Amino acid sequence: IFCNPNSENGDLQVDGWIERQSPDADLAMALQHASDSDKVSLYASQGYWFDAVDQLVMLQAAAPEDMDLQARWAEFLSSVGLDLLIDQPISSRHPTP
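Residues numbered from 1 in each chain as written. Predicted model: local features only at pLDDT ≥ 70, side-chain atom pairs only at ≥ 80, totals over all residues. Heavy atoms only, no water.

Trainee: Talk me through the packing of helix α1 (residues 25-33) against helix α2 (residues 36-45); I want residue IDs and the actual numbers.
Mentor: Running from N to C, α1 and α2 cross one another at 165 degrees; their axes reach a closest spacing of 9 Å. One way to sum up the angle between α1 and α2 is to call them roughly antiparallel. Note that α1 runs across α2; the crossing there is right-handed. Between α1, through Leu-27, Ala-30 and Leu-31, and α2, the contact on the second element is made entirely by Lys-39, Leu-42 and Tyr-43. For the contact of α1 with α2, the residue count by class is five nonpolar, no polar and one charged. (Axes fitted to C-alpha atoms, helices over the stretch in contact; angles between N-to-C directions. Helix = DSSP H or I, 4+ residues; strand = E, 2+ residues; numbered from the N terminus. Parallel < 35°, antiparallel > 145°, perpendicular 65-115°, else oblique. Left-handed = near helix turned anticlockwise from the far one by under 90°. Contact = heavy atoms within 4.5 Å. Nonpolar A, V, L, I, M, F, W, Y, C, P; charged D, E, K, R; others polar.)

The following block contains the structure:
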């Protein structure tokens, strides 16, 4: 993790992995019939955190002034102990085709 792009001094090294898991048939069916907003809860309840965050970021990008989405974002971050990130700006970096 490069905390300072101008200097590598004091930067952290982190190891980890991501395991790709496809949703089971029940979750896949529920996602097909869910609204974009409801997908966040479905993903989160099944432990698909990256998908839940991605869905929330896409919703907020489409409606940045939506106070309900802002509250939901704060609640989501608090639920996983990331309260310090609540007031940080959200950057959507989806690749362009």
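After presenting the structure, the write-up continues.
Trainee: How would you summarise the nonpolar core if you had to cite specific residues and measurements?
Mentor: Formed by 14 residues in total, the largest nonpolar core has its most connected members in Val-40, Tyr-43, Ala-52, Leu-56, Trp-73 and Phe-76. Within the residue set of this core, elements represented by two or more residues are α1, α2, α3 (49-62) and α4 (67-79). Leave out the neighbours within four places in its chain, and Val-40 touches Ala-52, Gln-55, Leu-56, Leu-59 and Arg-72. (Core = buried A, V, L, I, M, F, W, Y, C linked by side-chain atoms within 4.5 Å. Buried < 20%, exposed > 50% of the residue type's maximum accessible area, 1.4 Å probe, protein only.)

Trainee: Can you tell me about α3, naming the residues and giving the values?
Mentor: Here α3 spans 20 Å end to end across 14 residues, near enough to the 20 Å set by a 1.5 Å rise per residue. Taken together, the buried positions of α3 are Ala-52, Gln-55, Leu-56, Val-57, Leu-59 and Gln-60. (Expected span 1.5 Å × (residues − 1).)

Trainee: So what's going on with the pattern of salt bridges? Which residues, and what values?
Mentor: Pairing between side chains of opposite charge can happen when their charged atoms approach one another. What the rule picks out here adds up to one salt bridge. Note that Asp-36 and Lys-39 form a salt bridge whose closest N and O atoms lie 3.7 Å from each other. Here Asp-36 and its partner Lys-39 are both found in helix α2, three residues apart, which amounts to about one turn of the helix. (Salt bridge = Lys/Arg side-chain N within 4 Å of Asp/Glu carboxyl O.)

Trainee: I'd love a proper account of the packing of α2 against α3, names of residues and values included.
Mentor: In the contact formed by α2 and α3, the axes pass within 8 Å of each other and the chain directions differ by 160 degrees. The orientation of α2 relative to α3 falls into the category roughly antiparallel. α2 and α3 meet at a crossing whose hand is left-handed. Of α3, the residues touching α2 (which contributes Asp-36, Ser-37, Lys-39, Val-40, Tyr-43 and Ala-44) are Trp-49, Asp-51, Ala-52, Gln-55, Leu-56 and Leu-59. In the contact of α2 with α3, the residues fall into seven nonpolar, two polar and three charged.

Trainee: Report on a nonpolar patch on the surface, specifying residues and quantitative values.
Mentor: Together, Trp-49, Val-80, Leu-82 and Leu-85 give the surface a local cluster of nonpolar side chains, amounting to about 330 Å² of exposed area. Topologically, Trp-49 is positioned in helix α3. On the basis of relative accessible area, Trp-49 is assigned to the partly exposed category, the value being 39%. (Patch = residues over 30% accessible without salt bridge, like charges linked within 9 Å, V, L, I, M, F, W, Y side chains within 5 Å. Areas by Shrake-Rupley, 256 points an atom, 1.4 Å probe, with all protein chains shown as cover.)

Read these as spatial facts, not as claims about activity.
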